[in-house]
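The primary structure of each chain is shown beneath.
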Amino acid sequence: MGLFGERHTFLGGLGPGDREALTGLGTRHAYPPYGSVVAEGDRSTFAVVLLSGWCTVWTPTERGGRLILALRRAGEVIGDMAALDGRPRSASVSTLGQVTGLVVPGERFRRFLASRPHANALMMNQFAERLRSADHERRALASMTVLQRLAERLVELADRTGSPENAAVTIRLPLAQHELAASVGSTREAVAKALRLLREQGLVRTGPGTLAVADLDPLRLLAAGRPHRTET
């Protein structure tokens, strides 16, 4: 459990009736690549059900960079916390590539959950999974090295988005190196150094716009603090 948090999406868990009712409450909106969906501190209260594409949930750091808190995919809901409690947005959300979403006003989203017990239970389960993921990420930042966090992140990305290709698992997510660094709470320079070590061990392959994991098991060992051969 890490950036993704949810094995099953909110929209995917809804029955046909609930899904049709939710769709009727919102408006479809297309977001451009690397555009803003919501901004931290904003007082808007709409929720967005992602229909296609990927988003990053992030917060700025004191050094002017970003810390990526989560990745969200089609079927998941973003902006739900502000929709439910009316407080300012707790993080920013940006698109990774083209994204389509169903924008549902906060009041309508609250009424929908109040009148649909199954949908409400799914939302509560989503909150619980995200909380567990956040707890894990805090522990990782406090106790794991950059190399360990990167190894764990690559395993997670390969497991959730990867596809077998040329005796490796290619990660099908458009994360630039600085975004990968932001996802493990480190600098681009530190992550570049860690990637170089993993390449030298033959565990990953990188190229322009590509990232592939050649062997997942040694990366799992590294993430668990049991080095394969690579020194931290």
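Before reading on, note that the structure itself is shown above.
What counts and what doesn't
Residues numbered from 1 in each chain as written. Predicted model: local features only at pLDDT ≥ 70, side-chain atom pairs only at ≥ 80, totals over all residues. Heavy atoms only, no water. Helix = DSSP H or I, 4+ residues; strand = E, 2+ residues; numbered from the N terminus. Rg over C-alpha atoms; globule rule 2.2 N^0.38 Å. Buried < 20%, exposed > 50% of the residue type's maximum accessible area, 1.4 Å probe, protein only. Contact = heavy atoms within 4.5 Å. Areas by Shrake-Rupley, 256 points an atom, 1.4 Å probe, with all protein chains shown as cover. Lys, Arg positive; Asp, Glu negative; His and termini not counted. Charge placed at Lys NZ, Arg CZ, Asp CG, Glu CD. Arc of directions from axis to C-beta. Phe/Tyr/Trp six-rings, centres within 6.5 Å; stacked < 30°, edge-to-face > 60°. Lys NZ or Arg CZ within 6 Å of the ring centre and 35° of its normal. Core = buried A, V, L, I, M, F, W, Y, C linked by side-chain atoms within 4.5 Å. Axes fitted to C-alpha atoms, helices over the stretch in contact; angles between N-to-C directions. Parallel < 35°, antiparallel > 145°, perpendicular 65-115°, else oblique. Nonpolar A, V, L, I, M, F, W, Y, C, P; charged D, E, K, R; others polar. Polar contact = N/O pair within 3.5 Å; in protein donor to acceptor, adjacent residues only side chain to side chain. Pairing = 2+ DSSP bridges.

Draft legend 1. Region of the structure containing the overall build of the chain. In terms of regular secondary structure, the chain is built from 9 helices and 10 strands. Since a compact globule built from 232 residues should have a radius of gyration of about 17 Å, the 19 Å found for the chain is in line with a globular shape. Oriented by its inertia axes, the alpha-carbon framework of the chain measures out at about 55 × 40 × 30 Å. The buried share of the chain, taken over its 232 residues, is 46%. Here the contacts in the chain between residues at least 6 apart in sequence split such that 73% fall between residues at least 24 apart. Accessible surface for the chain amounts to roughly 11700 Å². Of this, 52% is attributable to carbon and sulfur atoms. Each charge class in the chain was averaged separately, 30 positive and 23 negative side chains, and the resulting centres sit 1 Å apart.

Draft legend 2. Broad picture of helix 4 (residues 106-115). Among the residues of helix 4, Gly 106, Phe 109, Phe 112 and Leu 113 are the ones counted as buried. All buried residues of helix 4 project into a common sector of 125° when viewed along the axis, lining one side. Exposed residues lying more than 90 degrees from the buried face of helix 4 are Glu 107, Ala 114 and Ser 115.

Draft legend 3. View of the packing of aromatic side chains. Going through the model one piece at a time under the given rule, you end up with 1 aromatic pair. The ring centre of Phe 46 lies 4.8 Å from the NZ or CZ of Arg 89, which sits over that ring.

Draft legend 4. Just the nonpolar core, in detail. With 34 residues, the main nonpolar core has Leu 154, Leu 198 and Leu 219 as its most contacted residues. Ranked by residues supplied to this core, first place goes to helix 6 (residues 146-161) with 7 residues. In this structure, Leu 198 is in contact with Leu 147, Leu 150, Leu 154, Leu 203, Val 204, Leu 219 and Leu 222, ignoring residues within four places of it in sequence.

Draft legend 5. Highlighting the packing of helix 6 against helix 8 (residues 188-200). It is at 10 Å that the axes of helix 6 and helix 8 come closest, and there the two elements cross at 70°. By the angle between their directions, the pair helix 6 and helix 8 is classed as roughly perpendicular. Listed contacts from helix 8 to Val 146, Leu 147, Leu 150 and Leu 154 of helix 6 are Ala 190, Val 191, Ala 194, Leu 195 and Leu 198. Looking at the contact of helix 6 with helix 8 residue by residue, the classes come out as 9 nonpolar, no polar and no charged.

Draft legend 6. Quick look at the environment of Ala 181. Its place among the elements puts Ala 181 in helix 7 (residues 177-183). With 35 residues separating them in the primary sequence, Ala 181 and Val 146 have C-alpha atoms 9.2 Å apart.

Draft legend 7. Quick look at the environment of Gln 98. Within the fold, Gln 98 resides in strand 6 (residues 92-104). Excluding anything up to four places from it in sequence, Gln 98 contacts Ala 30, Tyr 31, Pro 32, Pro 33, Ser 52 and Gly 53. Only 3.0 Å separates the side chain of Gln 98 from the backbone oxygen of Tyr 31, close enough to count as a polar contact.

Draft legend 8. A look at the sheet that holds strand 10 (residues 210-213). Ordered in space as 7-8-10-9, the 4 strands form an open sheet in which the pairing is antiparallel. Bordering the open sheet on either side are strand 7 (162-165) and strand 9 (204-207), each of which pairs with just one other strand. Averaged over all neighbouring strand pairs, the angle between strand axes comes to 30°, with direction disregarded. Here 4 bridges tie strand 7 to strand 8 (residues 168-171), and the two strands are oriented antiparallel to one another.

Draft legend 9. Quick look at the side chain of Arg 130. Among the structural elements, Arg 130 can be located in helix 5 (residues 117-143). Residue class for Arg 130 comes out buried when judged on its relative accessible area of 17%. Separated by 2.7 Å, the side chain of Arg 130 and the backbone oxygen of Val 77 make a polar contact. At a separation of 3.3 Å, a polar atom in the side chain of Arg 130 contacts the side chain of Asp 80.

Honestly, that's just the spatial picture; any functional story needs more than this.
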